[in-house]
Structures are given as C-alpha cells and as structure tokens.
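# Residue-level structural notes
Here is what each chain is made of, one letter per residue.
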Amino acid sequence: MQTHLKKNQNSDSIMLRSFLLLLTVVIVGFSIITSVAVGHQLLETSRTTSNNIIKSLKRTVIDSDHDWKQWRFNSLLDTSTSYVRVRNTRRHITTQNYYSPGTRSLLKIKPQKIFFIHGLYYRPHVGFLLYNTGHAKGISYGLWTKLNSQLEILERVIIITAVVLVLILLTLPLYIRVIAQRLTGPLSQLTKTAETISIKKIQTVDKLPVPETPTEVKNLALSFNRLLTNLYSKTKKEKDFVANAAHELRTPIATIRSHVQLIKRHGRDHPEIVQDSLHYIYKESEQMSILIDDLLALSRADKMTLIYHNYDLSASLQQIAQEIAQLAPQKIITRIPAQVKITGHSKSISQIIIILLTNASKYSAKDSVIELSLKKEADQIIIQVADHGIGIAAQDKKHIFERFYRASDVRGTIAGTGLGLAIAQQLSLLNHSQLIVEDNHPQGSIFSLILNL
C-alpha cells in the first residue's frame, strides 16, 4: 500500500500520506506524553503513600519485639507489596533489625538503582520497587514498595492508546478519501473538460463546468472560462483578420491579372488599351502597397512595447498639422495651447493623430474645414479632430474600430483598407487612453483621444 501511495502524486494520495503522517506523529506523541504523565502521577502517588508509612514508623519507637508487633498490628501495610526493614542502633537493645514478611528474601539480591529517577530500583523476579527511608531517635527505617499494580495501569493506558492509533490508521484512509473526493472531484472534472477543449483546439466556445464548492475550484473554473472566452475571441479575430486580409489582397491581384491578360491578348492590335491597363495596374499595386503597410503597422501595434518620455505635446501637434496641411486639400484649423507637456509615447500618439486627420480629409469635401484642438482638464488631456464630412451612421459607430470594417456607403467609392482606425484604436490602448467618436453637428464627425494624466 505504501509503495502504491508513493507512486501516486494526485491530491488523494498526497492528502492521505500527509494526514497519516501528521496524525501518526500526533497520536504517538500524545501517547508518549500521556504515558509519561500517567507514570509520573502513579509514581508520585506511590511516593506519597510511602512517605506516609515512613512518617507512621517514625512516630513509633520500636525498641522491642512487642513494639514491632504492635506497629504491624495497627498498621494497614500491605505486606504483599511493601517491605519494611527497621534498624535500631540505640544502646541496650536486644534486637537490632526487624523485617516485615518477605523483606529478607527481597534483600538477598540487591536491587539495582534506576538512573534519573530518584528512589526507583529494579529487582529481578520482583520488578520495579520504590525505595524510601527515614530516621528518628537513633532508628533507621527503610521501605520498598512494589509498583506492579501501577505498571499494570500504565500498560493499560499504553494498550488503549495503541488500539486507538491502530483504529484511526485503519479508518482514516477511507475518511480522507471521501473528503478528498469531495474536494478534488470538481477539479478532476475540470481537468477532463479542459483536456477535451484542448483537443478541439479552442474551435468552439465550450466552457468548463462551474461547481458551487469548493470556492477555490469555483473561482478557478470562472477564471479559466474567462480565459477560454478571451482565447476564442482572439482566435476568431485572427481568423477573420486573415480571411479579410486575403480578401482585400485578392481583389487588386485579380484586377492586375485581368489587365495583364488583356494586354497579352489585345495589346498589339489595340495599343490604346495598354496605357489604361498600366494605369489600373499601377493604381491597384499602389493600393496593395498601402494595405501591406497597414498590415505591418497593425502587426507592430499588436506587439509594440511603449517606452514613455516627457515631451511637448503642443509642438508635436502643431508640426503634424503643418505636414498634413501640405497634403490635404482642406483647410486645417488648430486650437492648441502652448507648452502642454505630457509623459507618453510621442511616436504612437502622433501616428494616431495622423490617421485621424487623414481620415477626416478623405471623407470630407475639399472646400471644408478640419479642426485639430487640444484641451487640458484636471486629470485628462483631450485631443480632438473634427470634420464636416459625410459623418458616420449610428449602426456603423460600434464597428468602425474593427479591422477591415468599412461602411457600406463608402466601400468601393472611397479608397481605403479599413485598417486605419483599427491601428489607431490599438495604439490608444497601448497608451492607456481612450479613442471615441461623436457626431459633429450639423454634419461630420469628432474623434477624441483622451489621455489620462
């Protein structure tokens, strides 16, 4: 059984071994302490009785056989367990030594002293003896008391504790296994379910069963279910991302191939189509290049680790506005107070603002105005990009930060990859900030980047 337990390292076996060892040590220790305490108490009781007998002898002057017989007659001494020797050294006595029955025979073999315990001796064929002495008026008294009855009581105590130990060791494994099953049963079920889910490789939204008890296993199951939900969501997003990326790349590639085939078939007979086809090929390849750059930017944003530093946000925003103003047909108005400094990642924040300004220009009329403003509040800094463009429908607002999402009214009419706002959202999360969108009345949109100080 012990070999089997050592091989098993599950909770049941560990609990069983631990409790068996603990209780064995406790019970054996308790048995030893109890036996020592009982033995000490029995010895002290015998010592008290012995002292009383010695006091009785000392009150009696034994000068003659009559005195000895008189003391023995009046004494309640049990001669089967107690042995008395009286030695009278006074003058004018006829008998020097008096012995109670059995004392001469006892003393024929000298009892051996037991070390560390005062007055305890051992006599072969007799057993343990408690020796006590007294002296009064020239008379010495010696008393040996057999401890057989006390030893019998001590043996019974030891036997009872041993029986209790054996019973506990026999019944404890069954009890511990029942308790262990109650504690580890839900954990075993969680393990089996987790193995099943791992075989499926997170292809479904299966959840672990949540037991009511024990609380630790319940919390573990809830935490694991949250982890599974996150993993499933992340896996689904990655699959959708790959599918969308493949779809977005397939369209320009198909267009390029069709124009190449058109040039091959009719380029010699119709030279005028070559320039048109080359124009479309260049346009589609440029769109592919933009898409690949956005994909790389999004990939870097997913894995980026930001190192914050103190910099002048006002100056950075002014510089961005000047650069975009040279490229955008719209007029860019800035409302940026000077010397607003923050601790952040300047490159990623600048990239967010560039994306927002580029989008505002893309979806706004050429003769409209784009506003870039900076507001500083008690514990926040708010950067806003407001346009007067086509705006965003209410049903599209909750999807615009998703990868490759484009509203149905702009897909195919305005160039774009659907990744710009997804990149901006990911960068804002890395900066522990919030990116939100609102309507700009009477027309257009306002994007706000909220930085917490």
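Note that the structure is a prediction, hence the values are computed from the model and not measured.

## Some points on the overall build of the chain
The helix and strand tally for the chain stands at 11 helices and 13 strands. Carbon and sulfur atoms make up 58% of the accessible area of the chain, which amounts to about 28,100 Å² in all.

## Some words on the packing of aromatic side chains
Summed over the entire model, instances satisfying the criterion amount to six aromatic pairs. With a centroid separation of 4.5 Å and an interplanar angle of 35°, the aromatic rings of tyrosine 131 and tryptophan 144 are classed as tilted. Taken together, the positions of tyrosine 131 in strand β5 (residues 127-136) and tryptophan 144 in strand β6 (residues 139-146) put the pair 13 residues apart, joining distant regions of the chain. On the numbers, 6.5 Å between centres and 85° between planes, the contact of phenylalanine 401 with phenylalanine 447 is edge-to-face. Placement of the pair is phenylalanine 401 in the loop between α10 (394-397) and α11 (420-430) and phenylalanine 447 in strand β13 (residues 445-452), with a sequence separation of 46 residues. By relative accessible area, which is 19% here, phenylalanine 401 ends up buried. Among the aromatic residues, those joined into a cluster by ring pairs are Trp68, Trp71 and Tyr98.

## Re the pairing of β13
Within β13, seven of the eight residues are buried, leaving the element largely enclosed by the surrounding structure. For strand β11 (residues 380-386) and β13, the ladder comprises seven bridges, and the chain directions are antiparallel. Along β13, the bridge assignment pairs glutamine 384 with serine 448. With six bridges connecting them, strand β12 (residues 434-439) and β13 associate as antiparallel partners. Of the residues in β13, the one forming a bridge with glutamate 438 is isoleucine 446.

## Notes on the pairing of β5
Both strand β4 (residues 120-123) and β5 contribute to a ladder of four bridges, which runs antiparallel. Bridge pairing in β5 links tyrosine 122 to phenylalanine 128. If you look at the hairpin formed by β4 and β5, you'll find three residues sitting between the two strands, and histidine 125 has a positive phi there, around 70°. Pairing geometry for β5 and β6, over eight bridges, is antiparallel. Residue pairing for β6: glycine 134 is matched across the bridge by tyrosine 141.

## Digging into the packing of helix α9 (residues 346-362) against α11
It is the contact of α9 with α11, at a shortest axis distance of 9 Å, that shows an interaxial angle of 150°. The orientation of α9 relative to α11 falls into the category roughly antiparallel. The handedness of the crossing between α9 and α11 comes out as left-handed. Contacts from Ser348, Gln351, Ile352, Ile355, Leu356 and Asn359 of α9 reach α11 at Gly420, Leu421, Ile423, Ala424, Leu427 and Ser428.

## Side note on the environment of isoleucine 390
Relative to the elements of secondary structure, isoleucine 390 occurs in the loop between β11 and α10. Between the alpha carbons of isoleucine 390 and alanine 360 there is a distance of 9.6 Å; along the sequence they are 30 residues apart.

## Some details on the confidence of the model for the chain
For the chain, per-residue confidence averages 81 on the pLDDT scale, and residues scoring 70 or more make up 86% of the total. Confidence, expressed as mean pLDDT per element, reaches its minimum in the chain at helix α1 (residues 2-7) with 46 and its maximum at strand β10 (residues 369-376) with 92. Segment residues 1-6: pLDDT under 50, and seven contacts once partners within four positions in sequence are set aside and those in other chains are kept.

## Let's talk about the pattern of salt bridges
This structure, assessed with the given rule, holds three salt bridges. The partner of glutamate 371 in a salt bridge is arginine 335, and the shortest N-O contact between them spans 3.1 Å. Separated by 36 residues along the polypeptide, glutamate 371 in strand β10 and arginine 335 in strand β8 (residues 331-335) bring together distant segments of the chain. Owing to a relative accessible area of 23%, glutamate 371 belongs among the partly exposed residues under this scheme. Between lysine 397 and aspartate 439 there is a salt bridge; the shortest N-O distance is 2.8 Å. With lysine 397 in helix α10 and aspartate 439 in strand β12, the pair connects residues that are 42 residues apart, well separated along the chain. Under the relative-accessibility criterion, aspartate 439 is labelled partly exposed at 39%.

## Quick notes on the sheet that holds β4
Ordered in space as β2-β1-β6-β5-β4-β3, the six strands form an open sheet in which the pairing is antiparallel. Edge positions in the sheet fall to β2 (97-99) and β3 (112-113), since each has one partner strand and no second.

Criteria and thresholds
- Residues numbered from 1 in each chain as written.
- Predicted model: local features only at pLDDT ≥ 70, side-chain atom pairs only at ≥ 80, totals over all residues.
- Heavy atoms only, no water.
- Helix = DSSP H or I, 4+ residues; strand = E, 2+ residues; numbered from the N terminus.
- Areas by Shrake-Rupley, 256 points an atom, 1.4 Å probe, with all protein chains shown as cover.
- Phe/Tyr/Trp six-rings, centres within 6.5 Å; stacked < 30°, edge-to-face > 60°.
- Buried < 20%, exposed > 50% of the residue type's maximum accessible area, 1.4 Å probe, protein only.
- Pairing = 2+ DSSP bridges.
- Axes fitted to C-alpha atoms, helices over the stretch in contact; angles between N-to-C directions.
- Parallel < 35°, antiparallel > 145°, perpendicular 65-115°, else oblique.
- Left-handed = near helix turned anticlockwise from the far one by under 90°.
- Contact = heavy atoms within 4.5 Å.
- pLDDT = per-residue confidence, 0-100.
- Salt bridge = Lys/Arg side-chain N within 4 Å of Asp/Glu carboxyl O.

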